[in-house]
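# Overview (structure and organization)
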Amino acid sequence: MNALTGNSLKISRVNIVSKKFQRHSPSGNSVTLKSPNTSTNFQPIRATVTGGADSGETHSTVLSTESARDQLRPDMAASPDVTDGRIAGISAAIRVIPDFPKPGILFQDITTLLLDPKAFKDTIDLFVERYKDKDISVVAGIEARGFIFGPPIALAIGAKFVPIRKPNKLPGEVISEEYSLEYGTDKMEMHVGAVQAGERALVIDDLIATGGTLCAAISLLERVGVQVVECACVIELADLKGRDRLGDRPLFVLVSSI
Amino acid sequence: MGLIAGIMFQDITTLLLAPNAFKDTIDLFVERYKNKNISVVAGIEARGFIFGPPIALAIGAKFVPLRKPRKLPGEVMSEEYILEYGSDCLEMHIGAVEQGERALVVDDLIATGGTLCAAMKLLERAGAEVVECACLIELPDLKGRERLNGKPLYVLVESH
């Protein structure tokens, strides 16, 4: 991918953005983007890798096959200086909107990240560095915010991009996977023929909450014989335990929010 | 391409399955826009989200998603536009774009030009200058180009 041309954004620019997006919650307190030092919502921690339903803490994961390309390097999570600097900027660029889409929910809004070219580029770079030598031929992105992060990753690692969509959006023949919501069900669809058995895939979304949509996307890919190497999200809502719902499929996130 | 009840649907997903072709597509736009002082790339939900961000990243611009109603959290501005039957709305975050910024609007395809027109209006209401609209595909028979109020349109492929 081409590097940023021209202007380099300093960290102070991120602070200006955060002031602009100050928003007053119903109680009168203003909600600002969290800076790394004052964050109560976010842990602007280094990238984490865990696997397995029973893992309560982070550790590095080696996938079940033994070839070198499958190993996610144990030191990926422990590249302190550079990784921490980028993660802090990414975390600070995400804004929290209270009571959206309904009261009591704190919505993690990545659109402010997209307004910060350096932080957006760093986000993509962190994923690309992790996946570029892993023989991944498919990046599947979940509609709609997975469409923002998936294609730049796919382009950088030379993989196909496969959109996973809500019903009745994809033309032509599709396969469908139903998944549970809090009330009722929904479906995700993928084109027949987009992927081939034996391909190695990533699944990308902006955020993992309960893990329902990610699970549906994984199912779509596995049903046609694709190996899902990892799920990758910018944000994890750890309390909703979506990671557990993924079972033994690894999850990689940049920022974890309690 | 799919045939659905008289409409020939231009399906860009097969382009996305060909990494070289997808990369060439992005490169063509980036080469055109990289030295034009463009600070905003606005992409129209949802297929504009696929092409806009790679262009934005390559030219160092912000990416601004333009969305259907009630998808964007926080304060938004809305622009209504006419459909064949009824109307719809496009929304943009307040504060995403500043006065005087130079913007591109990106979508996969221009048909009647209704959504592109609404997108341009949102950006202009926020004080940005729309430098150009960029799409992969144009359906010239639907005359969308004329609906853009003289704003330039750049497309890679025309389909009659």
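Residues numbered from 1 in each chain as written. Chains lettered and ligands numbered in written order. Predicted model: local features only at pLDDT ≥ 70, side-chain atom pairs only at ≥ 80, totals over all residues. Heavy atoms only, no water.

In plain terms, the rule: UniProt positions are given in the numbering used here, feature names are shortened, and annotations may be inferred rather than shown by experiment.
Going by the annotation in an unreviewed UniProt entry, the name recorded for chain B is adenine phosphoribosyltransferase, with Escallonia rubra given as the source organism. Heading Pathway (unreviewed entry) of the UniProt record for chain B holds this comment: "Purine metabolism; AMP biosynthesis via salvage pathway; AMP from adenine: step 1/1." Reading the Subcellular location (unreviewed entry) entry of the UniProt record for chain B gives the comment "Cytoplasm".

As annotated in an unreviewed UniProt entry, chain A carries the name adenine phosphoribosyltransferase and is attributed to Escallonia rubra. Taken from UniProt, the Sequence similarities (unreviewed entry) comment for chain A reads in full: "Belongs to the purine/pyrimidine phosphoribosyltransferase family." On record in UniProt, under Catalytic activity (unreviewed entry), the comment for chain A is "AMP + diphosphate = 5-phospho-alpha-D-ribose 1-diphosphate + adenine".

### Side note on the UniProt feature "domain: Phosphoribosyltransferase" (unreviewed entry) in chain B
As a reminder of what qualifies: Every helix listed is a DSSP run of H or I at least four residues long, and every strand listed is a run of E at least two residues long, numbered separately from the N terminus.
Within the UniProt annotation, "domain: Phosphoribosyltransferase" (unreviewed entry) is assigned to residues 15–142 of chain B. Across residues 15–142 of chain B, helical content stands at 32% and strand content at 34%; the span's end C-alpha atoms are separated by 23 Å.

### Observations concerning the sheet that holds strand β9 (residues 153–158) of chain B
Residues and elements named next belong to chain B. For clarity, the threshold we go by: Pairing between strands is defined by DSSP: at least two bridges between the two strands are required. To define axes, lines are fitted to C-alpha atoms, for helices over the stretch in contact only, and angles between the resulting N-to-C directions are given on a 0 to 180 degree scale. For this analysis, residues touch if any pair of their heavy atoms sits within 4.5 Å.
The strand order across the open sheet formed by five strands is β4-β3-β7-β8-β9, and the pairing between neighbours is parallel. Only two strands of the sheet have a single neighbouring strand rather than two, namely β4 (62–66) and β9. Across the sheet, the mean angle separating the axes of adjacent strands is 20° when strand polarity is ignored. Where strand β8 (residues 129–138) lies against β9, five bridges are found, and the strand directions are parallel. Bridge pairing in β9 places C133 opposite L153. The strands touched by helix α2 (residues 19–33) are β7 (102–110), β8 and β9; relative to β8, the strand with the most contacts, the crossing angle is about 155°. Along the sheet face, helix α4 (residues 114–125) touches β3 (40–44), β4, β7 and β8 and points at about 165° away from the line of β7.

### Observations concerning the pattern of salt bridges
All names here are of chain A. Heads up, the rule is: Salt bridge, as used here: a side-chain nitrogen of Lys or Arg that lies within 4 Å of a carboxyl oxygen of Asp or Glu. Under the scheme applied here, a residue whose accessible area is under 20% of the maximum for its type counts as buried, over 50% as exposed, and between as partly exposed, the area being computed with a 1.4 Å probe on protein chains only.
In total, this model carries 21 salt bridges over all chains according to the counting rule given. For E143, the salt bridge is made with R165, and the minimal N-O distance between the two is 2.9 Å. You can see E143 sitting in the loop between β7 (138–142) and α5 (146–157) and its partner R165 sitting in the loop between β8 (160–164) and β9 (174–180), a full 22 residues away along the chain. The exposure class of R165 is buried, given its relative accessible area of 6%. Here E236 makes a salt bridge to R243, at a shortest N to O gap of 3.0 Å. R243 shares its class with E236; the two are buried. Sharing partners across several salt bridges, the network here consists of E143, R165 and K169.

### Things to note about the packing of aromatic side chains
This is how the line gets drawn: Note on ring pairs: Phe, Tyr and Trp rings are taken, using the six-membered ring of Trp, and paired if centres are within 6.5 Å. Classes follow the plane angle, with under 30 degrees stacked, over 60 edge-to-face and the rest tilted.
Tallied over the entire structure, the rule returns nine aromatic pairs over all chains. Relative to F107(A), the ring of F100(A) lies with its centre 5.1 Å away and its plane at 90°, an arrangement referred to as edge-to-face. With respect to class, F100(A) is no different from F107(A); both count as buried. Residues F22(B) and F51(B) carry aromatic rings whose centres are separated by 5.8 Å and whose planes lie at 85° to one another, so their mutual orientation is edge-to-face. Here F22(B) is found in helix α2, whereas its partner F51(B) is found in helix α3 (residues 48–59), with 29 residues between them in sequence.

### Some details on the packing of α2(B) against α3(B)
Residues and elements named next belong to chain B. Counted only if it meets this: For this classification, under 35 degrees means roughly parallel, over 145 means roughly antiparallel, 65 to 115 means roughly perpendicular, and everything else is oblique. Crossings are assigned a handedness: left-handed for a near helix turned anticlockwise from the far helix by less than a right angle, right-handed for a clockwise turn.
At a minimum axis distance of 9 Å, the contact between α2 and α3 shows a crossing angle of 50°. When the axes of α2 and α3 are compared, the pair comes out oblique. Here α2 and α3 pass one another in a crossing that is right-handed. Contact residues: α2 offers F22, T25, I26, F29, V30 and Y33, while α3 offers I50, F51, P54, I55, A58 and I59.

### Quick look at the confidence of the model for chain B
What counts is decided by this rule: Each residue carries a pLDDT score, the predictor's confidence in it, ranging from 0 to 100.
Model confidence for chain B is summarised by a mean pLDDT of 94, while 97% of its residues fall at 70 or above. ipTM for the predicted complex: 0.95, alongside a pTM of 0.82.

### With respect to unusual backbone geometry
All names here are of chain A. A cis amide bond links E143 to the next residue, A144, at an omega of -10°. In this structure, D135 is a non-glycine residue whose phi angle is positive, near 55°. Of note, D135 is situated in the loop between α4 (117–131) and β7.

### Notes on α3(B)
All names here are of chain B. Note the threshold: The span one expects for a helix is its residue count, reduced by one, times 1.5 Å.
The first and last C-alpha atoms of α3 sit 16 Å apart over 12 residues, in line with the 16 Å expected at 1.5 Å per residue. Across the 12 residues that make up α3, a large majority, 12, are buried. All of the buried residues along α3 are G48, F49, I50, F51, G52, P53, P54, I55, A56, L57, A58 and I59. Of the residues flanking the end of α3, it is G60, one or two places downstream, whose phi is positive at about 75°.

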